[in-house]
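Each chain, written out:
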Amino acid sequence: MAVPCVRVPREDGEAVRSTLAEADLVTETREIVVEDGWLYIPVTDATAVPDDYEVVHRDVPTRETQTTPADIVDFTPSYERIGDVVVVDEDDPERAQALAAAVMESAIPARAVINRASKVKGDLRVRDWEVLAVAEDGTDRAPTETVHREYGCEYALDLAAVYFSPRLATERHRVAEQVRAGERTLDMFAGVGPFVVPFAKRGATAVGVDLNDTAIEYLRENARRNGVADRVTAIHGDVRTVTDPDGIDGDGTDYRDWADRLVMNLPHSAEEFLDTAVELASEECVLHYYDIQHEDDPYGPGERAIRAAAEPEYAVTVDTRHTVRSYAPHELNVVLDVRLSRT
Ligand code: SAM
């Protein structure tokens, strides 16, 4: 069976393999193939591979010692891994149970298999889960609790209490690569810190705000785990109150006119927070604005909303219009990288 593979010249192979492995994109159950000076590295998700790598489809042998869920069930299984938790999305209870049993029997190092039991809900964007299988490991860790690795950073998290999606790994890496040491960055909807931690690792001062107090506790833990606690400030509360130093349980800093870089990853509602973003922006600020829109005009509504909030106080330049992924039929998850320059 042909599978997606990243094709690289042999001499670049190890560097590319380790970059893909850090993003958890290498298919462990397939062999890496060398042919005519090229290396073919099988990947788990072709859409998550950075644009600068070439993806081709080709047959590569299954690793003989590894059993995959696909070897066990009689349908094409779909699942994703978050740390040692395997997430499936199966409506049919029989298929869900069969897949969970196959995952636990396979070579995947899974501690638990959980099924999506609702959409993400409410302001905190957390969903319900059905636990399909869990291996006893002598701890009292919840089946939804894990540590996920992404581009060299570790994130402790509990999927039952916080939002986290590994599908955004490549996008977060794209943004993190733009960050320079000494920048003042602020993630307005920070979750457990997958923007904040890599920003701080690149030497930025990184502030993360979130309404979810559990996410903020994990963000603090993740800053410590990754050795960047000294550059990270985690603030619990509604980001609209962060512009009022007395209105939030932060460190009393006045963050108005402060940020050189802002991240707004709350698609569907980000527009409501643009006035706050403008208050937080310094003289020159880059804004990463995530949106979900119809494919006919995916960038227009966001750009118009940003201009309405920021002009004429700021000149607005859109540096990048980028589709992160397809969200639903005819709907795209997009990002605008926007430069705000005070006039
Ligand atoms: N940036 C993180 C990531 O990429 O994993 C989390 C993004 S998640 C889509 C949005 C986050 O915004 C959630 O953690 C939610 O709790 C938080 N949130 C929602 N409304 C908020 C508000 N008014 N102020 C601060 N955080 C908010």
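Residues numbered from 1 in each chain as written. Predicted model: local features only at pLDDT ≥ 70, side-chain atom pairs only at ≥ 80, totals over all residues. Heavy atoms only, no water.

## What about the pattern of salt bridges?
Alright, step 1. Under the definition given, this model contains 30 salt bridges.
Alright, step 2. Two residues, Glu14 and Arg17, come together in a salt bridge whose shortest N-O distance is 3.0 Å. Placement of the pair is Glu14 and Arg17 together in helix α1 (residues 13-22), with a separation of three residues, close to one helical turn.
Alright, step 3. One salt bridge in this structure joins Arg256 and Asp254, with 2.7 Å as the shortest N-O distance. (Salt bridge = Lys/Arg side-chain N within 4 Å of Asp/Glu carboxyl O. Helix = DSSP H or I, 4+ residues; strand = E, 2+ residues; numbered from the N terminus.)

## Some thoughts on the side chain of Ser118
Alright, step 1. Relative to the helices and strands, Ser118 resides in the loop between β7 (112-116) and β8 (129-134).
Alright, step 2. From its side chain, Ser118 meets the backbone nitrogen of Asp128 in a polar contact 2.8 Å long. (Polar contact = N/O pair within 3.5 Å; in protein donor to acceptor, adjacent residues only side chain to side chain.)

## Some details on the environment of Val242
Alright, step 1. Note that Val242 resides in the loop between β13 (232-236) and β14 (259-264).
Alright, step 2. Taking C-alpha positions, Val242 is 30 Å from Arg325, a pair spaced 83 residues apart along the chain.

## Some details on the sheet that holds strand β16 (residues 314-328)
Alright, step 1. Judged by pairing direction, the sheet is mixed, and its seven strands sit side by side in the order β13-β12-β11-β14-β15-β17-β16 without closing on themselves. The sheet terminates laterally at β13 and β16, the two strands that pair on one side only. The mean inter-strand angle of the sheet, taken between neighbouring strand axes irrespective of direction, is 15°.
Alright, step 2. Examined bridge by bridge, β14 and strand β15 (residues 281-294) share five bridges and lie parallel to one another. What sits directly across from Val263, in β15, is His288.
Alright, step 3. Running over the sheet, helix α4 (residues 169-176) touches β15, β16 and β17 (331-342) and is turned about 160° from β16. (Pairing = 2+ DSSP bridges. Axes fitted to C-alpha atoms, helices over the stretch in contact; angles between N-to-C directions. Contact = heavy atoms within 4.5 Å.)

## Section: the site of the ligand
Alright, step 1. As a structural note, the neighbourhood of the ligand is formed by 20 residues, with Asp123, Phe189, Asp210, Val239 and Asn265 the closest of them.
Alright, step 2. One of the side-chain nitrogen or oxygen atoms of Asp210 is found 2.6 Å away from an oxygen atom of the ligand.
Alright, step 3. One of the backbone nitrogen or oxygen atoms of Leu211 is found 3.2 Å away from a nitrogen atom of the ligand.
Alright, step 4. Looking at side-chain class alone, the shell around the ligand contains 11 nonpolar, four polar and five charged residues. (Near = heavy atom within 4 Å. Nonpolar A, V, L, I, M, F, W, Y, C, P; charged D, E, K, R; others polar.)

## Considerations on the sheet that holds strand β6 (residues 85-88)
Alright, step 1. In space, the four strands of this open sheet follow the order β5-β6-β7-β8, with mixed pairing throughout. Edge positions in the open sheet fall to β5 (79-82) and β8, since each of these has one partner strand only. Recorded for the sheet is a direction-independent mean angle of 25° between the axes of neighbouring strands.
Alright, step 2. Two elements, β5 and β6, share four bridges in a ladder whose sense is antiparallel.

## Points about unusual backbone geometry
Alright, step 1. A cis amide bond, omega 5°, links Glu311 with the succeeding residue Pro312.
Alright, step 2. Summarising the element assignment, Pro312 is placed in the loop between α8 (300-310) and β16.
Alright, step 3. Its identity is not glycine, yet Asp257 carries a phi of approximately 60°, on the positive side.
Alright, step 4. Examined against the element boundaries, Asp257 turns out to sit in the loop between β13 and β14.
Alright, step 5. You will see that His268, though not glycine, has its phi angle at about 90°, which is positive.
Alright, step 6. Tracing the chain through its elements places His268 in the loop between β14 and α7 (274-280).

## A short note on the pairing of strand β11 (residues 184-187)
Alright, step 1. Sheet topology note: the β11/strand β12 (residues 205-210) ladder contains four bridges and is parallel. Along β12, the bridge assignment pairs Leu186 with Val207.
Alright, step 2. Taken together, β11, helix α5 (residues 196-201) and β12 form a β-α-β motif whose crossover is right-handed.
Alright, step 3. In terms of strand pairing, β11 meets β14 through three bridges, oriented parallel. (Right-handed = clockwise from strand over helix to strand, strands pointing away.)

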